[in-house]
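Here are the chains, one letter per residue:
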Amino acid sequence: MEENMQEKLEEIAMMIIANSGQARSDAFAALQEAKKGNFEDAEKLLKEAEESLQTAHESHRELLKMDASGEVTQVSILLCHAQDHLMGSALALDLIREMTVLYQK
């Protein structure tokens, strides 16, 4: 694989990891606020988590477009790791949003 392409793929992977990691952190911080009854703070943190996750999804879409056009010839462990982070963060955000609703009841 061309060195420039490898660097671009690594950059995309790191963007996915960083943004999905931030989303996960914000989601768990929101859960802690909900447990304390601070629902306005929890909602603010959940919105921040959604924004970070959206940014991660945008990077992931770029990766998918590159793959569809045949630019990605090899998948690295780093790319797999990035996708794993994205999926885990998306699931955590969904579950934590539901849990905050339960804490409100």
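The structure we're discussing is the one just above.
Report follows, based on the coordinates. (Residues numbered from 1 in each chain as written. Predicted model: local features only at pLDDT ≥ 70, side-chain atom pairs only at ≥ 80, totals over all residues. Heavy atoms only, no water.)

Remarks on the side chain of Ser59
Then comes step 1: Along the chain, Ser59 falls in helix 2 (residues 39-68).
Then comes step 2: Among all residues touching Ser59, those that are not within four sequence positions of it are Ile12, Met15 and Ile16. (Helix = DSSP H or I, 4+ residues; strand = E, 2+ residues; numbered from the N terminus. Contact = heavy atoms within 4.5 Å.)

Remarks on the pattern of salt bridges
Then comes step 1: In this structure the tally under the stated criterion is 5 salt bridges.
Then comes step 2: The residue Glu62 makes a salt bridge to Lys8 at a minimum N-O spacing of 2.9 Å. Residue Glu62 is located in helix 2, and its partner Lys8 is located in helix 1 (residues 3-35); the two are separated by 54 residues in the primary sequence.
Then comes step 3: For Lys8, a relative accessible area of 35% gives the class partly exposed.
Then comes step 4: With a closest N to O distance of 3.5 Å, Glu33 and Lys36 form a salt bridge.
Then comes step 5: With a relative accessible area of 16%, Glu33 lands in the buried category.
Then comes step 6: Here Lys36 falls in the exposed class, since its relative accessible area comes to 57%.
Then comes step 7: Overlapping salt bridges bring together Glu43, Glu50 and Arg97 as one network. (Salt bridge = Lys/Arg side-chain N within 4 Å of Asp/Glu carboxyl O. Buried < 20%, exposed > 50% of the residue type's maximum accessible area, 1.4 Å probe, protein only.)

So, the environment of Ser52
Then comes step 1: Its location among the elements puts Ser52 in helix 2.
Then comes step 2: With a relative accessible area of 12%, Ser52 lands in the buried category.
Then comes step 3: Along the sequence, Ser52 and Gln32 sit 20 residues apart, while their C-alpha atoms lie 19 Å from each other.

A word on helix 3 (residues 77-104)
Then comes step 1: In this model, helix 3 (28 residues) spans 40 Å end to end at C-alpha, consistent with the 40 Å of a helix rising 1.5 Å per residue.
Then comes step 2: Those residues of helix 3 that sit buried are Leu79, Ala82, Leu86, Ser89, Ala90, Ala92, Leu93, Ile96 and Thr100.
Then comes step 3: Summarising the contacts, the buried residues of helix 3 are in contact with helix 1 and helix 2. (Expected span 1.5 Å × (residues − 1).)

Digging into the nonpolar core
Then comes step 1: Counting 27 residues, the largest nonpolar core has Leu9, Ile16, Leu53, Leu63, Met66, Leu93 and Ile96 as the members making the most contacts within it.
Then comes step 2: Put simply, the parts of the chain that give this core at least two residues each are helix 1, helix 2 and helix 3.
Then comes step 3: Per element, the largest residue contribution to this core is 11 residues, and it comes from helix 1. (Core = buried A, V, L, I, M, F, W, Y, C linked by side-chain atoms within 4.5 Å.)

Regarding the packing of helix 1 against helix 3
Then comes step 1: The N-to-C vectors of helix 1 and helix 3 enclose an angle of 20 degrees; their axes lie 8 Å apart at closest approach. With respect to each other, helix 1 and helix 3 are oriented roughly parallel. Both helix 1 and helix 3 take part in a crossing whose hand is left-handed.
Then comes step 2: Of the residues that constitute the contact of helix 1 with helix 3, the class distribution is 19 nonpolar, 6 polar and 3 charged. (Axes fitted to C-alpha atoms, helices over the stretch in contact; angles between N-to-C directions. Parallel < 35°, antiparallel > 145°, perpendicular 65-115°, else oblique. Left-handed = near helix turned anticlockwise from the far one by under 90°. Nonpolar A, V, L, I, M, F, W, Y, C, P; charged D, E, K, R; others polar.)

Looking at a negative patch on the surface
Then comes step 1: On the surface, a cluster of negative charge is contributed by Glu2, Glu3, Glu7, Glu10 and Glu11.
Then comes step 2: Within the secondary structure, Glu2 is located in the segment before helix 1.
Then comes step 3: By relative accessible area, Glu2 is classed as exposed at 54%. (Patch = residues over 30% accessible without salt bridge, like charges linked within 9 Å, V, L, I, M, F, W, Y side chains within 5 Å. Areas by Shrake-Rupley, 256 points an atom, 1.4 Å probe, with all protein chains shown as cover. Lys, Arg positive; Asp, Glu negative; His and termini not counted. Charge placed at Lys NZ, Arg CZ, Asp CG, Glu CD.)

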